[in-house]
Amino acid sequence: GSGGDGGSEQTITAGTAPGFPPFEMKEGGELVGFDIDLLEAVVEQTDYSFEGWEEFEFDSLIPALTNNNIDVIAAGMTINEKRDDTIDFSDPYYSSDQAIVVRADGDFAPESLSDLADRPIGAQKGTTGEGVVQDELVGQEITESQYNAYDNYVLAIQDLENGNVDAVVIDVPVANTFAANRPVEVAFVYETGEKFGFGVRTDDDARQEALNAGLSTVREDGTYEELTQKWFGE
Ligand code: ARG
């Protein structure tokens, strides 16, 4: 804001991790996506002025928030208990499960997690998809070295196309977007019942309440529906 020292109290700098279409991605050098539009529309409904976006790898977002480099995380981030210890979340704004994505050539068509036995598997570092791999596969179906952790899901999908991994565990709506644009497909869905929220600092009740109020306004005034149409065609 223009308030000089202390003006930062009424501003929001947001952090995201592009490479997660259609929530956040780079198009012609520009940051675009559902989260980008939604958070900006929500902040518009508040007394906060929007200062802009900072980009991080997904697993650097929570430290960036707690270090005050950003004020809000908008990154398709699942609200879960582990994260709840360090940060707080807005009300949920989207639901997701995990998809197991494979090459579209049809040679490998797993139907359940046990079908992934002894295969190299990829996910993005710090995600709930990685959590599924660590909790359900490593030490059971696959060895630790068969898990390939990527800074970015785009790299994971590239490695899937290249044959360096045989499956990627990734949020369903993002899996569907990759499947629409690249030679990969969803083999099956592993139900996790996740809900995405905007992350805020635990002591920042003011921004949390402002975002929740803004979210309910954009749901009521049709903006939310417009944005889901625009980005998910639903
Ligand atoms: N929903 C998953 C999680 O919270 C994945 C989010 C990844 N987001 C991103 N922008 N790369 O862990």
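Residues numbered from 1 in each chain as written. Predicted model: local features only at pLDDT ≥ 70, side-chain atom pairs only at ≥ 80, totals over all residues.

A. Spotlight on the domain arrangement of the chain. Domain boundaries in the chain define domain 1 (7–93 + 197–232) and domain 2 (96–194). Averaged C-alpha coordinates put domain 1 and domain 2 at centres separated by 25 Å. Facing 12 residues of domain 1, the contacting portion of domain 2 comprises 14 residues. Residues of the side of domain 1 that touches domain 2, tallied by class, amount to 6 nonpolar, 4 polar and 2 charged. (Domains from an automatic or database assignment. Contact = placed C-beta atoms within 7 Å. Nonpolar A, V, L, I, M, F, W, Y, C, P; charged D, E, K, R; others polar.)

B. Seen up close, the UniProt feature "domain: Solute-binding protein family 3/N-terminal" (unreviewed entry) in the chain. UniProt's entry tags residues 11–234 with the feature "domain: Solute-binding protein family 3/N-terminal" (unreviewed entry), counted in the numbering of this structure. Between the end C-alpha atoms of residues 11–234 the distance is 32 Å, and the span holds 34% helix and 28% strand. (UniProt positions renumbered as here; feature names shortened; annotations may be inferred. Helix = DSSP H or I, 4+ residues; strand = E, 2+ residues; numbered from the N terminus.)

C. Seen up close, the sheet that holds strand β8 (residues 121–124). The strand order across the open sheet built from 5 strands is β9-β8-β10-β7-β11, with neighbouring strands paired in mixed fashion. With one partner strand each, in any of the chains shown, β9 (147–150) and β11 (184–196) form the two edges of the open sheet. Adjacent strand axes in the sheet meet at a mean angle of 25 degrees when their direction is disregarded. In terms of strand pairing, β8 meets β9 through 4 bridges, oriented parallel. For I121, the partnering residue across the bridge sits in β9 and is Y147. (Pairing = 2+ DSSP bridges. Axes fitted to C-alpha atoms, helices over the stretch in contact; angles between N-to-C directions.)

D. Local environment of the environment of I36. Mapped onto the fold, I36 is located in helix α1 (residues 34–44). Classification of I36 by C-beta neighbours within 10 Å gives buried; the count is 22. Setting aside chain neighbours within four positions, we find I36 in contact with E24 and L31. (Buried ≥ 20, exposed ≤ 12 C-beta atoms within 10 Å, placed from the backbone.)

E. Molecular detail of the site of the ligand. Looking at the ligand, there are 16 residues lining it, with A17, F20, A75, T78 and T127 nearest. Counted by class, the shell around the ligand contains 7 nonpolar, 6 polar and 3 charged residues. Mapped onto the domain boundaries, the shell around the ligand takes at least three residues apiece from domain 1 (7–93 + 197–232) and domain 2 (96–194). (Near = placed C-beta within 6 Å.)

F. Quick peek at the nonpolar core. Formed by 58 residues in total, the largest nonpolar core has its most connected members in V101, A167 and V168. Here the element with the most residues in this core is α1; it accounts for 6 residues. When residues are assigned to domains, this core turns out to be shared by domain 1 (7–93 + 197–232) and domain 2 (96–194), each giving three or more. When near neighbours in sequence (up to four residues on either side) are disregarded, V101 contacts L160, A167, V168, I170, A175, F178, A179, V184, E185, V186 and A187. (Core = buried A, V, L, I, M, F, W, Y, C linked by C-beta atoms within 7 Å.)

G. Layout of the confidence of the model for the chain. Residues with a pLDDT of 70 or more make up 97% of the chain, whose mean pLDDT is 95. Here residues 1–7 scores under 50 on pLDDT; set against residues more than four positions off or in separate chains, the count is 6 contacts. The ipTM assigned to the predicted complex is 0.98, against a pTM of 0.95. (pLDDT = per-residue confidence, 0-100.)

H. Structural context of the pairing of strand β7 (residues 94–103). Bridging between β7 and β11 involves 9 bridges; their strand directions are antiparallel. Following the sheet pairing, Q98 is matched in β11 by Y190. Relative to strand β10 (residues 167–171), β7 runs antiparallel, the two being bridged by 4 bridges. Looking at β10, one finds that V101 is bridged to V168.

I. Representation of the packing of α1 against helix α7 (residues 205–220) in the model. The N-to-C vectors of α1 and α7 enclose an angle of 105 degrees; their axes lie 8 Å apart at closest approach. On the basis of their axis angle, the class for α1 and α7 is roughly perpendicular. Across the interface between the two elements, A41, V42 and V43 from α1 touch L211, G214, L215 and V218 from α7. Residues belonging to the contact of α1 with α7 are distributed by class as follows: 6 nonpolar, 1 polar and no charged. (Parallel < 35°, antiparallel > 145°, perpendicular 65-115°, else oblique.)

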